[in-house]
Amino acid sequence: MKRLADILLVLLFMPLWLPLLVVCAAAVAVFDGRPAMFFQERAGLGGRVFRMAKLRTMRPGAGTDRERTTRLGAFLRATSLDELPQLFHVLTGAMSLVGPRPLPAAYLPRYIGDEARRHEVRPGITGWAQVNGRNAISWEEKFALDVWYVDHRSLWLDAKILFMTVFGVLRRSGVNSSASDTMPELRPDASASAR
């Protein structure tokens, strides 16, 4: 039922989000240069790796994420419009509308305890951690919320998360961590094999 609901909702709203995606991609190409899209290997259902697409929000080169984020990129990120390309991933089955956010594939060996249980469900465009703090909460809090979602998932909970996401985007809450415009790297010097 969840998979069917994902497909129906994405197709139902396609006349709204597809033209918006085209306009946003064109704006990135014109004002920030090409390519308009950014691709990164992320871990999905069962830890399987897929190439996730986002609209590009940072200029290439050296510097911190905050320094490299463009003015247009900051707007796209604050409004979550940079996530629009992921609706195609929902149609292909790599993602769901609701679920734990897909993290970089490089993080797979860095999970501790039951954190990897987040991969028992399809990753989502939005999720329980997103509506409860997004990038403003710690990795430990984020993983706890992800695992809670895995244990309590239902269509009713998904509907609640989708409604909460709309209000969160309108308020632009939790977009940035306290230290930067993106989440800090997860345990950069640790791996499961090293502990």
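Residues numbered from 1 in each chain as written. Predicted model: local features only at pLDDT ≥ 70, side-chain atom pairs only at ≥ 80, totals over all residues. Heavy atoms only, no water.

## A short note on empty space enclosed by the protein
The full count for this structure, using the stated rule, is one cavity of 30 Å³ or more. What lines the largest cavity is Ala43, Gly44, Leu45, Pro100, Arg118, His119, Val121, Arg122 and Pro123. (1 Å grid on protein atoms, 1.4 Å probe; cavity = no way out; pocket = protein on both sides within 12 Å on 5 of 7 lines; lining within 4 Å. Points joined across faces, edges and corners; volume = space filled by probe spheres on them.)

## Some remarks on the layout of surface pockets
Approximately 150 Å³ is the volume attributed to the second largest pocket. Along its surface, the second largest pocket is lined by Met1, Lys2, Ala5, Asp6, Leu9, Ser96, Leu97, Val98, Leu155, Asp158, Ala159 and Leu162. Among the elements of the structure, α1 (2-12), β3 (96-98) and α7 (155-171) are those that each provide at least two residues to the lining of the second largest pocket. Looking at the lining of the second largest pocket residue by residue, the class counts come to eight nonpolar, one polar and three charged. (Helix = DSSP H or I, 4+ residues; strand = E, 2+ residues; numbered from the N terminus. Nonpolar A, V, L, I, M, F, W, Y, C, P; charged D, E, K, R; others polar.)

## Quick look at the environment of Arg171
Looking at the element boundaries, Arg171 is found in helix α7. Here the alpha-carbon distance between Arg171 and Asp114, two residues 57 residues apart in the chain, equals 32 Å.

## With respect to helix α2 (residues 14-31)
Taking 1.5 Å per residue as the helical rise, α2 with its 18 residues ought to reach 26 Å, and the 25 Å between its terminal C-alpha atoms agrees with that figure. The secondary structure elements touched by the buried residues of α2 are α1, β2 (49-55), α4 (71-78) and α5 (86-92). One or two residues past the end of α2 sits Gly33, with phi positive at roughly 90°. (Expected span 1.5 Å × (residues − 1). Contact = heavy atoms within 4.5 Å.)

## Notes on the confidence of the model for the protein chain
Taken as a whole, the protein chain shows an average pLDDT of 90; of its residues, 91% reach a score of 70 or greater. Predicted confidence in the protein chain is weakest over helix α3 (residues 65-68), with a mean pLDDT of 85, and strongest over β3, with 98. A low-confidence stretch, residues 176-180 stays under pLDDT 50, and its non-local contacts, those more than four residues away or across chains, total ten contacts. Note that residues 191-195 has pLDDT below 50 and, in this model, eight contacts with residues that lie over four places away or in other chains. (pLDDT = per-residue confidence, 0-100.)

## Some points on a nonpolar patch on the surface
Taken together, the side chains of Met1, Leu4, Leu8 and Leu155 make up a nonpolar region of the molecular surface, amounting to roughly 440 Å² of accessible area. Its location among the elements puts Leu4 in helix α1. By relative accessible area, Leu4 is classed as partly exposed at 47%. (Patch = residues over 30% accessible without salt bridge, like charges linked within 9 Å, V, L, I, M, F, W, Y side chains within 5 Å. Areas by Shrake-Rupley, 256 points an atom, 1.4 Å probe, with all protein chains shown as cover. Salt bridge = Lys/Arg side-chain N within 4 Å of Asp/Glu carboxyl O. Buried < 20%, exposed > 50% of the residue type's maximum accessible area, 1.4 Å probe, protein only.)

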